[in-house]
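Below, each chain spelled out in residue letters.
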Amino acid sequence: KKKITENEDGLEIETGFARLTEVVNEGQTSFSSLLSTQKIMKINYHKEGVTLDTSLMKSTEDTQLEYDIDVFLDPNEKIHIQGDFSILTELNGEVEIGYIPPRISLCEITYEIDQSLNLSADIKLIDLNYENEVDLVSVYFQPIIAFISGVPLVLVPELEIAVGIETEVHCDVYTDIN
C-alpha cells in the first residue's frame, strides 16, 4: 500500500510493510548481540514475588540478568518457589537472499545461554498427579538492526521466563506368605 499526497508542507508519503524479498534481490547480513541488562526496554512481571535487578542498567559493560524469586505458583499457596536465577544470552544470526526469483536462501539464528539456577521448592501435594506451568516475567530488549543490501532487518528479542512443577506419586505394597 503506497499513497503520495501533496499538502502545504510538501509531499506526504505513506507506505506499508513489504516482504524482505520484495525489496532485496540479493544480499547477506549477519548479527550478534548479547541480551544483557543494559539492553532491556521493558519488563512485564506476570507474578508477584519476582524481581529483576536493574541496578546495573546504566553500566557500560554487558551484565547478566539476575532475578530473585519468592513466589507461590498456585492460588492456594501450596507450591512455593524461592531462590535466584541469572542468565546471559548471546543471539547470533545470518540471513542470505539470492536466486531468481529472490528468496531467502539461508536464515539461521543461534543462541548461547550462560545461566545459573538456585531454586528450592516447598510443595504440599495437591493430588497425586499434578502438572502446572506459570509465566513469571517477560523481558523485551532493544531491537537488533542488521542491514541487507541497504535495507534494515529489524529483530526485537523477547525473553519469557516460566517455572513448572510436575509431580507423580507412586506407592506399591507387596505381601508374601510362605
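Further up the page is the structure itself.
Residues numbered from 1 in each chain as written. Predicted model: local features only at pLDDT ≥ 70, side-chain atom pairs only at ≥ 80, totals over all residues. Heavy atoms only, no water.

1. Some remarks on the pairing of strand E7 (residues 79–98)
Here is step 1 of the chain: Of all 20 residues that make up E7, 14 are buried, and the element is covered over most of its length.
Here is step 2 of the chain: In the sheet, strand E3 (residues 27–35) pairs with E7 via nine bridges, with the strands oriented antiparallel. Across the sheet, the residue bridging to Ser-33 is Leu-91, located in E7.
Here is step 3 of the chain: Here strand E6 (residues 65–72) runs beside E7; their pairing, made up of eight bridges, is antiparallel. By the bridge assignment, Asp-70 is partnered in E7 with Gln-82.
Here is step 4 of the chain: Here E6 hands over to E7 after six residues, with Glu-77 in that stretch at a positive phi of 55 degrees.
Here is step 5 of the chain: Where E7 lies against strand E8 (residues 103–123), 20 bridges are found, and the strand directions are antiparallel. Each bridged residue has a counterpart across the sheet, and for Glu-94 the counterpart in E8 is Glu-108. (Buried < 20%, exposed > 50% of the residue type's maximum accessible area, 1.4 Å probe, protein only. Helix = DSSP H or I, 4+ residues; strand = E, 2+ residues; numbered from the N terminus. Pairing = 2+ DSSP bridges.)

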